[in-house]
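Coordinate analysis (summary)
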Amino acid sequence: MENVQKFKPTLAQKAGVVAAIALAGTTANAAGEFTLDTSSVVTTITGGVAVVSSIGLAVLSLVVVVKLFKWARSAL
């Protein structure tokens, strides 16, 4: 860990970052307001939740049946 060098940005690099942030801010304002329609994504996720839940319930049921079978077999 002795050979690790710490990064120290120069004044020019700091100024470049500030300028890039300022330019990005003015570009976003010049482009106008942007809205993203998320309704299709929400609908897709909501539909997928039912499928994933049913698969999870089937796997959980299978695990429970196997455990019960082993428990009943050991009792006999």
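Our structure is the block above this text.
Residues numbered from 1 in each chain as written. Predicted model: local features only at pLDDT ≥ 70, side-chain atom pairs only at ≥ 80, totals over all residues. Heavy atoms only, no water.

**With respect to the overall build of the protein chain**
Counted only if it meets this: We count a stretch as a helix when DSSP gives it H or I for four or more residues in a row; a strand needs E for two or more, and each element gets its number in order from the N terminus. Relative accessible area decides the class of each residue, using a 1.4 Å probe on protein chains only: under 20% of the type maximum gives buried, over 50% gives exposed, and in between gives partly exposed. Shrake-Rupley sampling with a 1.4 Å probe provides the accessible areas, and residues are treated as covered by the protein chains on show and by no other component.
A tally of regular secondary structure across the protein chain gives two helices and zero strands. Counting only residues that meet the buried cut, the protein chain has 0% of its 76 residues in that class. Surface summary for the protein chain: the accessible area is close to 7,400 Å², and the carbon and sulfur share equals 71%.

**Structural notes on a nonpolar patch on the surface**
Here is the rule we go by: Residues qualify for a patch when their relative accessible area is over 30% and they have no salt bridge, like charges being joined within 9 Å and the nonpolar side chains of Val, Leu, Ile, Met, Phe, Trp and Tyr within 5 Å. A side-chain nitrogen of Lys or Arg and a carboxyl oxygen of Asp or Glu constitute a salt bridge if their distance falls within 4 Å.
A contiguous nonpolar surface patch, about 550 Å² in accessible area, is contributed by Leu57, Leu60, Val64, Leu68 and Trp71. Tracing the backbone shows Leu57 in helix α2 (residues 39–75).

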